Amino acid sequence: MRNMQEIVFIVEQEEDGGFVAEAKVNDNEQIITEGDNIEELKSMIREALECHFENSEDMPKTVRLHFIKDEVFVI
């Protein structure tokens, strides 16, 4: 596996207030994890990355969180 400098997680907030994060590693692999709050989510992302990348040299050096937010209002 080639050395990644950065990985981007798409983050969405669930109705219950928790967060789900998903990152595409390549065409065949993705990482999905969740947390009750942002700090827990970051911790879960670190853990998921450590599990996915067996060799720490292959693990991305930077994690970018891209938040998706839907806002609905009534006219």
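Above this text you will find the structure in question.
First, a word on scope: everything that follows refers to the structure included in this document. Since the model is a prediction, treat every value here as computed from it, not as a measurement.

### Thoughts on the sheet that holds strand S2 (residues 19-24)
With mixed pairing, four strands are arranged side by side in an open sheet as S3-S2-S1-S4. Each having just a single partner strand, strand S3 (30-35) and strand S4 (62-68) make up the two edges of the open sheet. Pairwise comparison of adjacent strand axes, ignoring direction, gives a mean angle of 25° for this sheet. Sheet strands touched by helix H1 (residues 38-52): strand S1 (6-13), S2, S3 and S4. Its angle to S3, the strand with the most contacts, is close to 150°.

### Section: the pattern of salt bridges
Going through the model one piece at a time under the given rule, you end up with two salt bridges. When the shortest N-O distance is used, the salt bridge between Arg64 and Glu6 registers 3.0 Å. Here Glu6 lies in strand S1 and Arg64 lies in strand S4, a separation of 58 residues in the sequence. Look at Arg64 and you get partly exposed, because its relative accessible area is 46%. Of the residues examined, Glu6 reaches a relative accessible area of 33% and is grouped as partly exposed. Note that Lys42 is salt-bridged to Glu39, the shortest N-O span being 3.8 Å.

### Concerning the pairing of S2
On S2, burial follows the alternation: Phe19, Ala21 and Ala23 on one face are buried, whereas Val20, Glu22 and Lys24 on the facing-out side are not. Taken together, the four bridges between S1 and S2 define a ladder with antiparallel strand orientation. Of the residues in S2, the one forming a bridge with Ile10 is Glu22. Pairing of S2 with S3 involves six bridges; the strand directions are antiparallel. Each residue of the ladder has a partner; that of Glu22, found in S3, is Ile32. The antiparallel pairing of S2 with S3 creates a hairpin that spans five residues between the two strands.

Cut-offs applied
For every chain, the first residue of the written sequence is number 1, and numbering continues from 1 onward in sequence order. Only residues with pLDDT of 70 or above have their local features reported here, since the model is predicted, and side-chain atom pairs are shown and tallied only from 80 upward, although totals for entire chains, interfaces and linings are computed over all residues. Side-chain calculation: all heavy atoms of the structure are included, whereas hydrogens and water are not. One requirement defines pairing of two strands: DSSP has to find at least two bridges between them. Segments assigned H or I by DSSP are reported as helices when at least four residues long, segments assigned E as strands when at least two residues long, and all are numbered from the N terminus. The angle between two axes is taken between their N-to-C directions and runs from 0 to 180 degrees, where each axis is a line fitted to C-alpha atoms and a helix contributes only its stretch in contact. Only heavy atoms enter the contact rule, under which two residues are in contact if any of them lie within 4.5 Å. Any carboxyl oxygen of Asp or Glu within 4 Å of a side-chain nitrogen of Lys or Arg constitutes a salt bridge here. Burial classification: accessible surface area is computed with a 1.4 Å probe over protein chains only, and a residue below 20% of its type maximum counts as buried, one above 50% as exposed, and the rest as partly exposed.

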